[in-house]
Amino acid sequence: MNGESFNRFLAFLKTVRLGWLIPFFLLVKGEDPRTQLRAIFAGVVVPILAILVFLTAWEISSKQIVTKFGTVPGPRQVWSAWESLMNEIRMEKIKEADHQRRAREKRMKNIEKYAGVFNELPGDKPDFGDTERNQKALSDLSKTFDEINEMLEVSNAISGVSSEQEAQAVVDQFQFESSKEIAAVLISQLLPKEISYRMREEELNMGERFNPIEGDTEELIASKESLKAKELKLIAAEKADLLIERQRLTSFATREAIDVLNSIPSFTKSILGKLDSTASKVGPRLDGWYASIEASEIATGQKYPNRVRVKMLKKSFEYKPYPGKDTYLNQIATSLKTVFFGFMIASLVAIPIGIVCGLNKTVNNAINPLIQIFKPVSPLAWLPIVMIVVGALYVSDDPMFEISFINSAITVALCSLWPTLVNTAVGVASTDKDFINVARVLKLSWVTKITKVVLPASLPLVFTGLRLSLGVGWMVLIAAEMLAQNPGLGKFVWDMFQNGSSETLSMIMVAVFTIGVIGFALDTVMLSLQQLVSFGEAI
Amino acid sequence: MNGEKRMDHKGSGTSTFLKLKGVSKGFGSGPQRSEILEDINLDIREGEFVAIVGYSGAGKTTLISLMAGLLTPDKGSVTLKGEVVNEPSPDRAIVFQNYSLLPWLTVYENVGLAVNQLYRTWPEAKRKDWIEQHVEKVNLLPALGKRPNELSGGMRQRVSVARALAMNPKILLLDEPLSALDALTRATLQDEIGRIWEEERKTVVLITNDVDEGILLADRIIPLSAGPRATLGPVVTIDIPRPRDRKAVNHNERYKEIRREVLDYLLGEGGKKEGRTTLTRKLVLPDILPEDLNRPRMMGGRKTPRRRSELKNENIEVSV
């Protein structure tokens, strides 16, 4: 890398907020190590230390507050909640694959069962390949799923046992090596803790150790009670730790299961893939055939003998998507989609109006009061209005978008409109007078003047506005989704709040961090774009 | 101002090209109204290089904006070849003091903006040639694909000159084109402007605050008195043969004479005009001592600025 492109690379790092990496590159390049190490200390070590201090303070203080959902989760619980969300995603992936497998098996069975029917199918006879090979692939697949299911069952199977021997006896009945391996990890890492916890809990509940007996002095009773409270607290802490540990090992098991799913041999995959693609071609033909059978039955009044069989066959060839539940990733995707949709609406409205305002003082004076009044309005005030108006206007039997999506997006748009509008107006109005003079001397047409001079000159400010708008939009989105029940992060937070389990708080905290990280990422993208259109002028 | 002096502004003999007649211009209204220029009379012949020198804030930019048609006079008229100038036109190309290059366009595109606008009917290749030809004229071909922020101030102003020349104007208006540059770059660009003028022989009006620059480049030099109500002083014809060498000209007696004449007007009669902007308020220095940035800072934060008033003056008496 030559000097100039290296410098450009460093400048790029700075624009995408990776400036803290620069001293590392300079260090590798052999620049003065003392300066670079100092820069690394300031840019990397100090923030990391601050994060560690924050985490420690959080961990310590969280234990002090007891809510109706248990103690406030510390960083480890929140991480564990994140793990459980990721685990859920993996489980969904496995379930989806299983769903697909079942559909394939059913289809395969019907293909064999109604093989004769295919002879009457108009057109070419579909080629499903070698039946034996297909059967083999399917049975391989089902064996894989037997393995996966067993792996996922391990944790349940040995959760009630009271000793390692007992657990070993259960494990010995397992079919697959992979489940035995998972069991071994579980037995060595989780079981002793679980057993000891259960014993302590029982002892506390059943044992009379802390119960006052006759002849106890008041002092003794008090000290017994305080001992019991201490023990309870210890057990609660142990339980929390145990939950974290269990989550970790569950994640481990699903990760292994995903590995098994991914390790299906490629020739099996290719056979199944070919089968699927043939099915996707045959499906519509069966549809057409069945429709023509129905039509001819009505026309001729004669019953077609194979009608029911064709219908059964047709049904097994229909593509039915997996009716899985929304995972966390889906919810994040929904939120992003909503915010972008709202942001697009806002930009499409705000930029043109902003340009007109910037060009014409009269228009600006006319619109300014409205901007000032609507700008500070909270999304919570807009949302009911939006819901009612959209509810009245957006009526469709087969809506392209969910109504809750439209509600949230429009609320986001209404709130994030203003920064772009104001900044565009200011940017256009403050175009360098010399640029305008150049346009005047060249006698540029109105349109050319706007597109070639005014707009490019105001782009940095327009992008400042867009960046602020996206920030506002993302912030507003969560509230809007909460109330509009749009299945995104906002609804996730609301649902977690409503279901009130021991995981409620940690799940909401996961959402808080997710929202923060995504907001930061969006801002970084906008900042980079903003710097891209500023042509080396500092922002 | 007497009639004789006004006569001096007229070109001798040949046809008048750009003509300013009794031009006055002011801004604002009511008590805030300020008259910038008053009774400006000027005739410029075709192919002539005229320099107008004056104080900062005297209204030089207003004057050239009137010539360009960016402003219209309150009284009097500006005419080019007999036609009244009341709007800007590519016929009167202007080079601004702060370059006014569009920062998002490369050198080629900046010149191209003008060329594409004015010579739409030309085929693409011809326009490209025309652009490159004019960029070459200011020796900037290697920087064709660069954006203004990658260029030095001098290079930027050259691009600005190339853009103006590419418009093939009837008259070239230079509004303090070199005043934002350092002395060395300034000298180089002065030579370059001189060379280009020799080649092109366009009518040029140069506005400047540098008397030497004016004398070095122009055929005639006219001082502009200090504002407000600035007006043109006596025309001095520079009859020093071209090409004028910067070093040699310094020892030229005629050069010194012209210089003295212009400066005498500006520092004397022209400068002493009533109501000239003078600083009457006493400047109060801020009560803060400058910090020595070269000195390493102590850890543990910056100190509050040191106050001048807190300085303890030590009087050291030295006995001899």
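What counts, and where the lines are drawn
- Residues numbered from 1 in each chain as written.
- Chains lettered and ligands numbered in written order.
- Predicted model: local features only at pLDDT ≥ 70, side-chain atom pairs only at ≥ 80, totals over all residues.
- Pairing = 2+ DSSP bridges.
- Helix = DSSP H or I, 4+ residues; strand = E, 2+ residues; numbered from the N terminus.
- Contact = placed C-beta atoms within 7 Å.
- Nonpolar A, V, L, I, M, F, W, Y, C, P; charged D, E, K, R; others polar.
- Domains from an automatic or database assignment.
- Buried ≥ 20, exposed ≤ 12 C-beta atoms within 10 Å, placed from the backbone.
- Right-handed = clockwise from strand over helix to strand, strands pointing away.
- Core = buried A, V, L, I, M, F, W, Y, C linked by C-beta atoms within 7 Å.

**Some words on the sheet that holds strand β5 (residues 83-84) of chain B**
Spatial strand order, β2-β1-β4-β5 (chain B): four strands in an open sheet with antiparallel pairing. Each edge of the sheet is formed by a strand with only one pairing partner; in this case those strands are β2 (34-45) and β5 of chain B.

**As for the interface of chain B and chain A**
In this assembly, 18 residues from chain B lie in contact with 15 residues from chain A. Counting residues per element, the ones that place at least two in the side of chain B that touches chain A are β6 (92-95) and α3 (107-118) of chain B. With three residues, α3 of chain B is the single largest residue contributor to the side of chain B that touches chain A. Considered class by class, the residues forming the side of chain B that touches chain A number 12 nonpolar, five polar and one charged.

**Looking at the domain arrangement of chain A**
Buried accessible area, meaning the area lost when the parts come together, often serves as the stated size of an interface. According to the domain assignment, chain A contains domain 1 (3-62), domain 2 (75-267) and domain 3 (328-532). On a C-alpha basis, the centroid separation for the pair domain 1 of chain A and domain 2 of chain A is 41 Å.

**Regarding the pairing of strand β4 (residues 75-80) of chain B**
Residues and elements named next belong to chain B. Looking at chain direction, strand β1 (residues 16-27) and β4 are connected through five bridges and run antiparallel. Bridge assignment links Leu 20 to a residue of β4, and that residue is Val 78. Alignment of β4 against β5, held across two bridges, turns out to be antiparallel. By the bridge assignment for β5, Thr 79 is matched with Val 84. Connecting β4 to the next strand, β5, in antiparallel fashion are two residues, including Lys 81 with a positive phi near 50 degrees.

**Some points on the pairing of strand β7 (residues 171-175) of chain B**
Residue and element names in this part refer to chain B. Burial of β7 is extensive: five of the five residues sit out of reach of the surface. Relative to β7, β6 is paired through four bridges, and the arrangement is parallel. Across the sheet, Arg 92 pairs through a bridge with Ile 171, a residue of β7. The pairing of β7 with strand β8 (residues 203-208) spans five bridges and is parallel. Across the sheet, Leu 172 pairs through a bridge with Val 204, a residue of β8. Handedness of the crossover joining β7 and β8 through helix α6 (residues 183-200) is recorded here as right-handed.

**Overview of the nonpolar core**
Of all hydrophobic cores here, the largest spans 138 residues; its most connected members are Val 111, Leu 173, Val 205 and Ile 221 of chain B. Sequence-distant contacts of Ile 221 of chain B, that is, excluding residues within four places in its chain, are made with Ala 51, Val 53, Gly 214, Ile 215, Val 236, Ile 238, Ile 258 and Val 262 of chain B. Counting residues in each nonpolar core, the second largest holds 12 residues, with Ala 137, Leu 138, Ile 271 and Val 310 of chain A among its members.

**Quick word on unusual backbone geometry**
Residues and elements named next belong to chain B. Its identity as a non-glycine residue notwithstanding, Lys 81 has a phi of 50 degrees, on the positive side. Relative to the assigned elements, Lys 81 resides in the loop between β4 and β5. Classification of Lys 81 as partly exposed rests on a count of 14 C-beta atoms within 10 Å. The backbone of Asn 168 shows a phi angle near 45 degrees, a positive value even though the residue is not glycine. Tracing the backbone through its elements, the reader meets Asn 168 in the loop between α5 (153-166) and β7. Using a count of 17 C-beta atoms within 10 Å as the deciding quantity, one classes Asn 168 as partly exposed.

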